Structure formats: structure tokens, C-alpha cells
Amino acid sequence: MAGSLSTSNSKIYLAYKLVLFIVILLVLDFIGGSLLKYLYFSQQSGDDYSLNYAMDKANEDILLLGDSRIHHGCIPEIFTDILGYSSYNAARGAQSIIFSYAVLSAILKRHNPKIVIVDMPPNGLAKRSNGYDKLSCLLPYYRSHPEIRRFVDLRGSFEKFKLISRVYPFNSTILKSLKERHKPKKDWKGYVPRHKVVRPDIDVANQPADMEGKIIADLDPNLVEAYTGIITKSIEVGAKPFVVILPRYKYPRAELDYKLKSYKVIKKIAADYNVPFWDMSFDTLFYGHNEYFSDMSHFNHKGAQLFSKVLAEKIKAELGDSIVSGNTIVDKSLPDSLSQ
Amino acid sequence: MLFNSIHYIIFFPIVVMLYFSLPHRYRWILLLAASYYFYMCWKVEYIILIITSTLIDYTAGLKMGQTDDKRKRKKYLILSLITNLGLLGTFKYFNFFNESFRALFSHYNLMLNIPELKVLLPVGISFYTFQTLSYSIDVYRGVKKPERHLGMFALYVSFFPQLVAGPIERSTRLLPQLFEKKKYSYENFSSGMKQIIWGYFKKLVVADRLAIIVNSVYNNQSEHSGITLLLATLFFSFQVYCDFSAYSDIAIGSARIMGYDLMENFRRPFLAKSFPEVWRRWHISLTTWFKDYVYIPMGGSRVSQSRWLFNVIVVFTISGLWHGANWTFIIWGAIHGICLASSRVFAGIRQWFVHLIRLDRFPRFHNFIRILITFTLFSLLAMFFRANSLSDAFQIAEKVFLLKGSLYVAQTTMLLYGLFGIGFLMMVEIKQEFFDNKFSLFDNRIPIIRHLSYAFLVLIILAVGVFDGGQFIYFQF
């Protein structure tokens with residue numbers, strides 16, 4: 001049809017067709033996006049359900065933040081039993097500390113927790129090869145939570161343009177949404193148990209451990225900022241932060257951990273803010289005990305039960321010097337400027 | 001600059017708008033500048049290689065055109081060959097041969113101490129060197145007149161849509177088009193855009209999704225069972241097809257919007273009924289390049305059967321080496337050559353067998369069986385293409401053929417997304433191949449159905465595409 005048109009008419013025809021196509025696309029995008037949004041937010045269990053709860057509903061006194069190790073390693077109910085505070089595990093697998101900071105920022109908009117427990121892997125501040133790709137799980141909250149936008153924008157300078165689409169924030173969520181909606185699993189307040197037991201004869205030498213490369217790896221200033229932010233924001237709202245490095249089953253070349261640039265900075269920042277820093281990587285209660293682990297660095301349910309108990313007791317002992325006053329734990333050891 | 005980056009999505013419309021705004025005589029300058037910019041986005045210094053190749057071939061072409069003396073013409077052809085193959089040899093193959101010879105020498109307790117060359121492989125070097133080589137050979141043969149316009153010749157070498165991963169164009173096809181005054185055309189724009197969208201679907205929904213599964217299995221192959229490796233191998237064949245044909249689709253679509261007609265590079269290869277047919281449908285621009293510039297000069301098929309077998313296996317082995325500086329690619333190419341040769345050698349026996357079991361009475365079923373066998377064999381050979389080393393490839397092959405162990409799927413959702421992508425792709429391709437005038441959605445006569453179909457395709461890309469900026473596999477070649 002357009003072939004018979006003159007060039008200028010053909011351009012008008014193109015403009016008309018383009019507008020028509022864009023309108024159809026926007027309408028379909030809106031419908032598709034709304035459907036995906038509905039499915040996403042109606043999940044009854046799983047990672048996204050936990051994230052949704054943490055972002056919009058969590059009002060627990062104890063927050064557990066970090067990656068898969070704490071996600072599978074700390075049982076909120078045990079913390080509640082021992083410390084007497086409600087708890088929620090807001091950690092998520094394969095995430096960096098930026099994710100935890102984003103979740104904490106969203107929670108602090110509406111609620112002040114009393115205790116914030118952060119798991120920091122020794123190399124948790126080093127630059128990651130996959131950049132900020134994993135922050136895609138925060139995309140569904142980009143429109144509704146302005147406080148997390150700067151974190152999501154780290155994914156790329158064009159992310160905000162992609163987010164014009166209503167479908168894109170729910171990219172690759174449809175199957176999981178359907179599954180978690182129709183076959184929900186038990187909710188452990190964010191904690192996800194693992195039941196596997198690691199083989200005692202597992203070949204440690206075969207585990208990935210490019211430690212030399214990691215020692216000299218540059219720090220990511222955004223990760224450092226996020227880690228510092230978690231500590232300072234927690235203190236600002238009167239919460240008591242704890243930085244923990246979770247135990248491991250076995251680890252090749254363990255001695256190199258302490259040489260990591262990242263490890264030194266994690267420790268230093270915690271010391272600067274007078275925050276308890278507990279490196280439990282090689283705690284003899286756990287290290288080398290395969291019955292507590294599902295793999296080299298993740299607890300199984302049995303290990304998580306014991307570890308949660310040990311950590312909660314440790315925190316209880318630490319809080320012995322603190323006064324529980326109203327809704328706030330006032331730590332006498334903090335500098336005046338931060339304890340107010 | 002990647003085709004699947006926002007950078008390109010901004011860059012390309014700007015180039016198109018400027019292109020159609022400029023008078024014809026200035027357009028080549030715009031396209032050349034855009035092409036060089038496109039290339040320099042990876043590494044600025046790399047452009048020197050393209051310029052060197054351009055200047056040498058331009059000069060060689062002119063010099064060949066100035067004389068009828070075959071010896072002198074040959075001298076300039078050799079200059080072009082040495083320059084282009086020298087660049088390729090240095091940047092792509094030096095370390096491979098160095099390493100291979102070192103291993104060979106050490107086997108006989110001899111030392112070879114040539115230091116490793118620490119350079120990055122220039123993106124697309126195999127493509128543009130082959131493209132410019134075809135020009136020199138065509139001029140030498142007298143098929144093409146030497147190009148006098150240096151700018152146009154430089155544009156022919158570096159035309160950005162097909163610069164880094166083809167299709168490898170011939171000077172006889174592309175150069176004349178560069179001189180033509182291109183008018184804006186709605187049909188070109190529309191069909192170009194459709195091909196681009198389809199390319200993005202293949203890349204983001206199929207290839208990049210399958211890459212996650214394939215990489216997790218192949219990069220840890222010792223931990224996986226035969227059945228898991230078999231599935232990953234089948235997925236890899238779809239991954240590599242979608243990755244590469246997606247690039248070609250976006251390249252062809254981008255060029256068509258500006259009025260240029262690039263050659264078809266893939267024609268539904270997984271629906272081929274025999275090995276020779278696969279290679280008439282797979283990476284057509286490279287296969288025809290090897291046919292015209294290597295296979296036919298070696299005598300082609302007009303030689304004795306034994307010589308023909310030799311020719312085919314040699315050509316495919318070289319083709320394997322072209323794909324990558326690793327023994328895995330060489331073996332992959334050689335086996336393909338053997339399969340192709342066997343296909344002809346055993347054609348009689350095959351026909352006899354088909355007749356014996358009366359399969360020829362059911363032509364549709366017979367064709368289905370042929371497609372299935374060809375696809376399975378082609379896919380299984382892809383394990384050599386993907387394996388990280390030759391020893392890995394043989395280990396994988398052993399496990400796959402023994403089919404030991406159970407299937408391991410880390411994430412069921414990932415598998416389902418992958419299968420959805422493959423299913424959608426094959427549905428479209430089967431429709432195009434066998435039911436061209438039926439069940440039309442993407443080329444329906446009613447415009448609103450066409451629009452809805454493409455809008456739906458875009459939504460699928462947004463909903464289940466992988467947006468981590470994955471590289472195109474063929475960039476490494």
C-alpha cells in the first residue's frame with residue numbers, strides 16, 4: 001500500500017503506523033504488567049513473598065539481613081524465643097549488601113527495629129563480576145518505593161527508561177509467582193531451611209577459591225557505602241547493629257581470609273562505630289562438622305537451629321550492658337552523638 | 001556496542017534520521033563515521049587494524065586493476081592475503097599454535113620458548129578480514145572492478161550492521177549498493193523493524209536464557225550426569241543458533257531500514273533433512289565464502305571421489321579453525337566434514353534401506369525422521385563447539401553416550417522459560433517452512449493482527465527475556 005505513496009506521504013503513513021503500534025504496545029504492556037503485578041503480589045511463600053513482606057509489612061524488632069548464608073542459617077523463631085523480640089529474616093540468596101541496605105531503607109520508612117543483624121561475607125565489599133544484575137529483584141518496588149530507586153539505578157544508566165514498561169519490572173517472575181501462589185510452602189518468617197547434609201569427604205581443593213585474586217580485588221564504593229549505611233541508619237533509629245560472619249563447614253586456604261582488603265574494611269567500619277563484629281567463620285562448634293551444613297558454606301536446618309541459638313545467646317549476653325527502654329535499646333557504649 | 005544494548009537502541013535511530021536527512025553524496029561519510037564509532041566503542045585502538053586492512057586492500061585492488069600481467073596481479077593478491085591472514089594469524093591464532101607446538105615439542109623433551117602474545121582478540125576480526133579478502137580475490141579474478149572511491153571501500157569493509165559478526169558480504173553485492181541513492185521506504189522500515197524484533201526475541205528470550213543453563217552445566221561438566229549433559233548439549237545448539245542468527249537478523253533488519261539488502265545468513269537450519277542441507281541453511285555467508293574461495297579452487301566436486309572427500313574434510317576443518325583457536329573447533333569442523341562426505345558416500349545405502357523398510361511410502365514421516373536424525377547429530381556435535389577443552393569434550397561425549405545418572409535441573413523455572421523460548425521459535429519456524437500461507441499472525445493481511453502479534457512479541461521479550469547484556473557468542477570469532 002505504502003509503496004504507491006510518495007516519500008512524504010509514506011513518512012506520514014509510517015508515523016501513523018508507529019503511533020498505532022506504540023498505542024497497542026502500551027495498552028498490552030499495561031494489561032500484561034497489571035496481571036503480572038497481581039500474580040507477583042499474591043504469592044503466598046518464597047523469596048518474593050518474603051521480600052514483599054519485608055518491604056511493605058515487616059514490623060519485627062529483630063531484622064536479619066544478608067545473603068543466602070543467613071537466609072538458610074538463622075531461624076527467627078529461635079531469636080524470638082531467646083531474646084523476647086519478634087524477628088524476621090529479610091536476607092536473600094546471591095545478593096550483595098546493597099540489597100540489604102535497600103530493604104532496610106524501605107523498612108525504616110515506616111518502622112524502627114531494635115536489633116539489626118548483618119551477615120557480611122569476608123569478601124562482601126569487593127567488586128562483583130556480575131555488577132548489580134541481582135538487584136533486579138527490587139524492580140517491582142521501583143515505582144512504589146522511591147527510597148530504593150538509587151540502588152536499582154545502579155543496574156545501568158538506562159534502567160529508568162526500561163522501567164517505563166509495566167511488564168519489565170516483573171521480568172521472569174511469572175512462573176515463580178504461579179508456583180508460589182498455588183503451592184505455597186511453610187512460612188518460617190523469611191528463613192528457608194535446607195535439609196541436605198554435605199558429604200564429609202567433599203574435596204575442599206575443588207571448591208572455587210580464587211583467593212589471591214580476591215585479596216587484591218578493588219573494593220566497590222557502593223558496597224562500602226551500603227555497609228556503612230546499614231550501621232549508621234540502624235544506630236540513628238536507635239537499633240543495635242551486629243555484624244556477623246557466619247561459620248563455614250570447611251574452607252580452603254582459610255588463613256587468606258584475613259588478608260582480604262574487604263575483610264579489613266568490614267572489621268574497621270564496625271570498630272569505628274563501636275558495633276560488635278563477630279567473625280565466626282572458624283568457630284570450632286561448627287567448623288568441620290558436616291552434620292550442620294548442606295554444602296561448604298550454608299547451614300542445613302540442624303545447623304541453623306544450633307547456630308541461631310548460639311548467636312541469639314551471644315547477642316543476649318552482649319545486650320546485658322544495655323538498658324531496654326520503651327521501644328529502644330540504648331547502648332551505653334555508643335558515642336553520645338550516635339546513641340541519641 | 002552490543003545490538004542488545006540501550007546504547008545501540010539510541011545510536012541506530014539517530015544514524016537513520018541523519019542518514020535520510022543528508023543529501024546522498026554525504027551519506028557515506030555519515031555511515032563510515034558511524035561504523036568507526038560503532039567499532040571503537042569496544043576498543044579505540046582496534047580501529048587501526050580495520051584501517052590497515054582497508055588501505056592495503058584498497059591499494060592492492062587498484063594496483064591489480066592497473067595491470068593485466070598475471071604475475072604482478074598475483075603479487076598484490078599475495079600482499080592482501082598476507083596482510084589479512086597475518087592479522088588474523090597474529091591476533092587470533094598465534095597463541096594457539098605457539099601453545100600447540102610447545103606441547104608437541106615437550107612431548108619429545110624439546111623446549112620451545114616463544115613468549116605468549118598478550119593481546120585481546122579484536123572483535124569481529126574473522127568477519128571483516130574475510131569480507132575484505134573476498135574483494136581482493138574477486139578483483140584478482142576479474143569478477144570485480146577495483147574500487148576507486150576510498151571512502152566507499154572503507155565503508156564496505158566496516159559497514160556497522162554487519163561489521164563484527166556478519167553476514168560476510170561480497171563486494172559484488174554490497175559495494176554497488178553503497179553507491180545507490182537510497183530512498184526512505186515504508187516497506188523497508190517495516191520489514192526491517194520486524195526482523196530486528198524477531199532477532200531480539202531469539203537473543204534475549206531463547207539464547208541468553210539457554211546460556212544460563214548451558215554455562216552452569218558445561219562449566220562444571222565433571223559434576224554432571226550424561227543425561228544432564230545431553231540436555232545442555234541440545235540446548236546449546238539452540239543457544240548458538242539463536243545467538244548468531246539473532247545477530248544476523250538485527251544486522252539485516254538495521255541495514256534494510258537504510259535501504260541495504262544484506263544476504264540471508266540462516267534459513268531454518270534445524271528443519272534441514274540432511275547434513276549438506278544444514279550447511280546450505282546455516283551461516284550461509286561463511287559457507288558460500290568457503291565454497292567460492294577455498295572449495296572450488298581446490299577442485300570442488302569435479303574431481304575423483306577420494307579427492308572430493310579430501311576437499312570437503314579439509315574445507316570443514318579450516319572452517320572449524322575459523323570459528324576458534326582451539327582444537328575443539330578443529331575437531332568439530334573435521335567431524336562435520338566427515339559427516340557431510342559420508343552423507344554423499346552412503347546415499348545409495350541409505351536409499352536402499354529406506355526402500356527396504358518401506359519408509360519411502362510415507363514421505364512426510366520419512367522427512368520427519370530425516371529432520372530428527374539431522375538435528376540430533378548436528379546438536380550432538382555441538383558439544384565439541386561448546387566444551388572448554390578437548391579433554392572436556394571427550395569426557396562429555398563419553399557420558400552422553402553412556403547416559404549415566406539422572407537429570408539435574410537447578411531451577412525448574414529456568415528450564416521452563418528455556419523450553420518456552422524453544423517451543424515458540426520452532427512453532428514460528430515450522431509455520432514458515434511448511435505452512436507459509438496458513439495461520440499467519442506476523443504476516444497477516446489484517447494490519448491490526450500484525451500489530452498485535454508484534455506487540456505481543458515485544459511483551460514476551462519484556463516478560464521473559466534476559467536483560468543482563470550478554471555478549472553475542474560469535475563476537476569471539
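The sections below set out a description of the structure shown in this document. Residue positions within a chain follow its written sequence, with the count starting from 1. Written order determines the labels here, with chains lettered from A and ligands numbered from 1. Where local features are concerned, this predicted model is filtered to residues with pLDDT of at least 70; where side-chain atom pairs are given and counted, the filter is 80 or more; whole-chain, interface and lining totals use all residues. Hydrogens and water molecules were not included; the side-chain quantities draw on all heavy atoms of the structure.

1. Notes on a nonpolar patch on the surface
Residues and elements named next belong to chain B.
Okay, step 1: Residues enter patches when their relative accessible area tops 30% and they take part in no salt bridge; the joining distance is 9 Å for like charges and 5 Å for the nonpolar side chains Val, Leu, Ile, Met, Phe, Trp and Tyr. Residue-level accessible areas treat just the shown protein chains as cover; the underlying method is Shrake-Rupley with a 1.4 Å probe. Think of a salt bridge as a Lys or Arg side-chain nitrogen and an Asp or Glu carboxyl oxygen that are within 4 Å of each other. Together, Val345, Phe346, Ile349, Trp352, Phe353, Leu356 and Ile357 make up a nonpolar patch on the protein surface, roughly 720 Å² of accessible area in all.
Okay, step 2: The secondary structure listing takes helices from DSSP runs of H or I that are at least 4 residues long and strands from runs of E that are at least 2 residues long, numbered from the N terminus. Residue contributions to the nonpolar patch peak at four residues, all from helix α14 (residues 347-356).
Okay, step 3: Tracing the chain through its elements places phenylalanine 353 in helix α14.
Okay, step 4: Look at phenylalanine 353 and you get partly exposed, because its relative accessible area is 43%. Burial status follows relative accessibility: with a 1.4 Å probe on protein chains alone, a residue under 20% of its type maximum counts as buried, one over 50% as exposed, and anything between as partly exposed.

2. Focus on empty space enclosed by the protein
All names here are of chain A.
Okay, step 1: Throughout, the protein atoms alone are placed on a 1 Å grid, and a set of points is a cavity if a 1.4 Å probe fits but cannot get out or a pocket if it is open with protein on both sides within 12 Å along at least five of seven lines; lining residues have an atom within 4 Å of a point. Grid points are joined across faces, edges and corners, and a volume is the space filled by probe spheres set on the points. Throughout the structure, instances matching the rule amount to five cavities of 30 Å³ or more.
Okay, step 2: By volume, the second largest cavity amounts to about 50 Å³.
Okay, step 3: Along the walls of the second largest cavity sit Asp47, Ser50, Leu51, Ala54, His71, Tyr88, Asn89, Ala90, Ala91, Arg92 and Phe99, which together make up its complete lining.
Okay, step 4: Contributing elements (two or more residues each) for the lining of the second largest cavity: α2 (47-56) and β2 (87-89).
Okay, step 5: Of the residues forming the lining of the second largest cavity, the biggest block, four residues, is contributed by α2.
Okay, step 6: Here the lining of the second largest cavity is composed, by residue class, of six nonpolar, three polar and two charged. Each residue is assigned to one class: nonpolar for Ala, Val, Leu, Ile, Met, Phe, Trp, Tyr, Cys and Pro, charged for Asp, Glu, Lys and Arg, and polar for all the others, Gly among them.

3. Some words on the packing of helix α1 (residues 6-21) of chain B against helix α9 (residues 226-257) of chain B
All names here are of chain B.
Okay, step 1: Only C-alpha atoms enter the line fits that serve as axes; for helices the fit covers just the stretch in contact. Angles between N-to-C directions range over 0 to 180 degrees. Their axes nearest at 10 Å, the elements α1 and α9 cross at an angle of 25 degrees. Judged on the interaxial angle alone, α9 and α1 are roughly parallel. In this structure, the crossing between α1 and α9 has a hand that is right-handed. Mapping the contact onto sequence places Tyr8, Phe12, Val16 and Phe20 in α1 and Ile250, Ser254 and Ile257 in α9.
Okay, step 2: The residue makeup of the contact of α1 with α9, split by class, is six nonpolar, one polar and no charged. Roughly parallel means an angle under 35 degrees; roughly antiparallel means over 145; roughly perpendicular covers 65 to 115; every other angle is labelled oblique. By convention the crossing between two helices is left-handed if the near helix lies anticlockwise of the far one by an angle smaller than a right angle, and right-handed if it lies clockwise. We call two residues contacting when some pair of their heavy atoms lies within 4.5 Å.

4. So, the sheet that holds strand β1 (residues 62-65) of chain A
Residues and elements named next belong to chain A.
Okay, step 1: Read across the sheet, five strands follow the order β2-β1-β3-β4-β5 without closing on themselves; strand pairing throughout is parallel. Two strands in the sheet have a free side with no partner beyond their single neighbour: β2 and β5 (277-279). Here the strands of the sheet are splayed against their neighbours by 15 degrees on average, with no regard to which way each runs.
Okay, step 2: Relative to β2, β1 runs parallel, the two being bridged by three bridges. By the bridge assignment, isoleucine 62 is partnered in β2 with serine 87. The rule for pairing is simple: two strands pair if DSSP sees at least two bridges between them.

Worth remembering: the numbers are spatial, not functional.
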